[in-house]
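Each chain, letter by letter, is given below.
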Amino acid sequence: MRRLILGIDIGGTNIKMGLINHAGRVIYRTNLATRSFVQDKTLLIEALVVHSQDILLRNRLHRKDLLGIGIGLPGLIDFKHGLVNCLVNIHGWKNVPLKKIIERKLKISTFIDNDVNLMTLAEWRYGAGRGIKNVVCLTLGTGVGGGLIIENKLYRGEGFTAGELGHIPLNEEGPQCNCGGYGCLERYVGNHPLLEKAKKIFKRHISLEEINQLANKNNSRALEFWREVAVHLGNGLSGIVNLLNPQCIIIGGGIANAHRHLFREISTTIQRRSLKIPAKMVKILKAKLGDDAGMIGAQVLVHEATLS
Ligand SMILES: [Zn+2]
């Protein structure tokens, strides 16, 4: 039965590979360190091929047992043509026809997409957004990313770049962003600006996890720190709520661990700033699938592409 999918989630630190069954469960997994391959894209592609073959062998599977391979990558990905336009933090990838290359080497149907799109598909099909038609996903980390499900379909946009919530301008005169713009949401709630801000407030190097723990103990500076983060997020998301009228906004990634100190204030800000009808409808939810979301999303990607 061709119901298994080989999911590959290429991140800045790890490459996760696994077999996912028809119910979205990861039934076999393995991990590679991304840094071993960042210097050379041929090495990375070869590693994906060799490890894919190895996974099949170890599980006594033939390539015919797979419905397909789904690959999530951190960057601008042309899903339709299977092209990697460019990757964030991994050099040397420009207009690489990854789908075609993998299909030629492994003779297995392959689909590629942006990693946050895969997380969005996973949360919508199997996670916090299960059964919901209109879903916005937001991931918080070094980069701030997003994905959109509109009327039960992933919305990719004309050039496959839709959902870049991190680059929504919050402030016309704000600090310059990596993207070339100014005052983007990411410049306020990405890990780097947050750590800089934390260093000023606490007058030492302090991790976001530690600030979360301090807030759990009712430390007033830590509580105020998260309140301000939540207000920035709420302001950015208010525009999204007005634009899309989603049923839920799912938040995942590193600082989502501080959800106890974030989610209520995000909701309050949205209630205060958005139009009343969409503001009343939207729920703020924590992502459920954690680190597996990329691989599970690969399963949804392949299913959507081959079975629809
Ligand atoms: Zn930006």
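Anything mentioned here points back to the structure above.
Residues numbered from 1 in each chain as written. Predicted model: local features only at pLDDT ≥ 70, side-chain atom pairs only at ≥ 80, totals over all residues. Heavy atoms only, no water.

Asks: Can you help me understand the environment of tyrosine 188 in this one?
Replies: Along the chain, tyrosine 188 falls in helix H4 (residues 186-189). Between the alpha carbons of tyrosine 188 and alanine 128 there is a distance of 25 Å; along the sequence they are 60 residues apart. Contact partners of tyrosine 188, with chain neighbours within four places excluded, come to Leu170, Asn171, Gly174, Pro175, Gly183, Pro193, Leu194 and His232. (Helix = DSSP H or I, 4+ residues; strand = E, 2+ residues; numbered from the N terminus. Contact = heavy atoms within 4.5 Å.)

Asks: Hey, could you run me through the pattern of salt bridges in this one?
Replies: Opposite charge on two side chains allows them to pair when their charged atoms are near. Taken as a whole and judged by the stated rule, the model has eleven salt bridges. Linking glutamate 228 and lysine 197 is a salt bridge whose minimum nitrogen-to-oxygen distance equals 2.5 Å. Of this pair, glutamate 228 sits in helix H7 (residues 220-244) while lysine 197 sits in helix H5 (residues 191-202); the two residues are 31 residues apart in sequence, bridging distant segments of the chain. Across the pair arginine 204 and glutamate 210 runs a salt bridge whose closest N-O atoms are separated by 2.7 Å. Overall, the relative accessible area of 38% leaves arginine 204 in the partly exposed class. (Salt bridge = Lys/Arg side-chain N within 4 Å of Asp/Glu carboxyl O. Buried < 20%, exposed > 50% of the residue type's maximum accessible area, 1.4 Å probe, protein only.)

Asks: Please clarify how helix H2 (residues 98-106) should be interpreted in this entry.
Replies: Where H2 is concerned, the buried positions are Leu98, Lys99, Ile101, Ile102 and Leu106. Looking straight down H2, one finds its buried side chains confined to an arc of 165°; they lie on one side. H2 presents Lys100 and Arg104 as exposed residues on the side facing more than 90 degrees away from its buried surface. Where the residues of H2 are buried, they touch helix H1 (41-58), strand S4 (66-73), strand S6 (83-87), strand S7 (94-96) and strand S8 (110-114). Residue lysine 107 follows H2 closely and has a positive phi angle near 60°. (Arc of directions from axis to C-beta.)

Asks: Can you walk me through the packing of H5 against H7 in this structure?
Replies: Angle between the axes and distance between the axes are the two parameters that describe a pair of packed helices. Relative to each other, H5 and H7 sit at 150°, their axes nearing to 11 Å. By the angle class used here, H5 and H7 are roughly antiparallel. Like other packed secondary-structure pairs, H5 and H7 cross with a definite hand, here right-handed. Within the contact between the two elements, H5 uses Leu194, Lys197, Ala198, Ile201 and Phe202 and H7 uses Arg221, Ala222, Phe225, Glu228 and Val229. (Axes fitted to C-alpha atoms, helices over the stretch in contact; angles between N-to-C directions. Parallel < 35°, antiparallel > 145°, perpendicular 65-115°, else oblique. Left-handed = near helix turned anticlockwise from the far one by under 90°.)

Asks: Looking at this structure, how should I read the coordination of the zinc ion?
Replies: Note on metal geometry: ideal angles are 109.5 degrees for four donors arranged tetrahedrally and 90 or 180 degrees for six donors arranged octahedrally. Of the protein atoms, only His167 (ND1), Cys177 (SG), Cys179 (SG) and Cys184 (SG) coordinate the zinc ion, at distances of 2.0 to 2.3 Å. Spacing between the donor residues of the zinc ion along the chain follows H-x9-C-x1-C-x4-C. On the basis of relative accessible area, cysteine 179 is assigned to the partly exposed category, the value being 44%. Look at cysteine 184 and you get buried, because its relative accessible area is 2%. (Donors = N, O, S within 2.8 Å, 3.2 Å for Na, K, Ca; no water.)

Asks: Honestly, the sheet that holds S6 in this entry has me stumped. Any pointers?
Replies: Pairing between the strands of a sheet comes from backbone hydrogen bonds, and it takes one of two forms, parallel or antiparallel. On the basis of which strands lie adjacent, the open sheet formed by three strands has the order S5-S6-S7 and antiparallel pairing. Sheet topology places strand S5 (75-78) and S7 at the edges, where each strand pairs with a single neighbour. Put simply, the sheet's adjacent strands are angled 20° from each other on average, direction ignored. Examined bridge by bridge, S5 and S6 share four bridges and lie antiparallel to one another. Paired with glycine 75 across the bridge in S6 is leucine 87. (Pairing = 2+ DSSP bridges.)

Asks: I tried to follow the packing of helix H3 (residues 115-126) against helix H10 (residues 293-307) on my own but got confused; where do I start?
Replies: Two elements in contact, H3 and H10, have axes whose closest approach is 7 Å; the angle formed by their N-to-C orientations is 80°. Considering the angle they form, H3 stands roughly perpendicular to H10. Counted together, Leu118, Met119, Leu121, Ala122, Trp124, Arg125 and Tyr126 of H3 and Ala293, Gly294, Ile296, Gly297, Ala298, Gln299, Val300, Leu301 and Glu304 of H10 form the full contact between these two elements. Class assignment of the residues belonging to the contact of H3 with H10 gives a composition of eleven nonpolar, three polar and two charged. (Nonpolar A, V, L, I, M, F, W, Y, C, P; charged D, E, K, R; others polar.)

Asks: Hey, could you run me through the sheet that holds strand S3 (residues 26-33) in this one?
Replies: Across the sheet, which stays open at both edges, the five strands sit in the order S3-S2-S1-S4-S8 with mixed pairing between neighbours. Looking at which strands have only one partner, the edges of the open sheet turn out to be S3 and S8. Strand-to-strand twist in this sheet, taken as the mean axis angle between neighbours without regard to direction, amounts to 15°. Here H2 sits on the sheet and contacts S4 and S8; the angle it forms with S8, its principal contact strand, is near 150°.

Asks: Got a minute to help me understand the pairing of S3 in this structure?
Replies: Each regular strand shows side chains that alternate between the opposite faces of the sheet. Pairing analysis gives seven bridges linking strand S2 (residues 14-20) to S3, with the strands arranged antiparallel. Paired with glycine 18 across the two strands is arginine 29, which belongs to S3. Turn length for the S2-S3 hairpin, with the two strands adjacent in sequence and antiparallel, is five residues, and the turn residue glycine 24 shows positive phi of about 80°.

Asks: How should I be thinking about the packing of aromatic side chains in this particular structure?
Replies: Applying the stated criterion across every chain, the model contains one aromatic pair. Ring plane angle 85° and centroid distance 5.1 Å describe the contact between phenylalanine 225 and tryptophan 226, whose orientation is recorded as edge-to-face. The two residues phenylalanine 225 and tryptophan 226 agree in class, both being buried. Between the NZ or CZ atom of lysine 99 and the centre of the ring of phenylalanine 111, over which it lies, the distance is 4.2 Å. (Phe/Tyr/Trp six-rings, centres within 6.5 Å; stacked < 30°, edge-to-face > 60°. Lys NZ or Arg CZ within 6 Å of the ring centre and 35° of its normal.)

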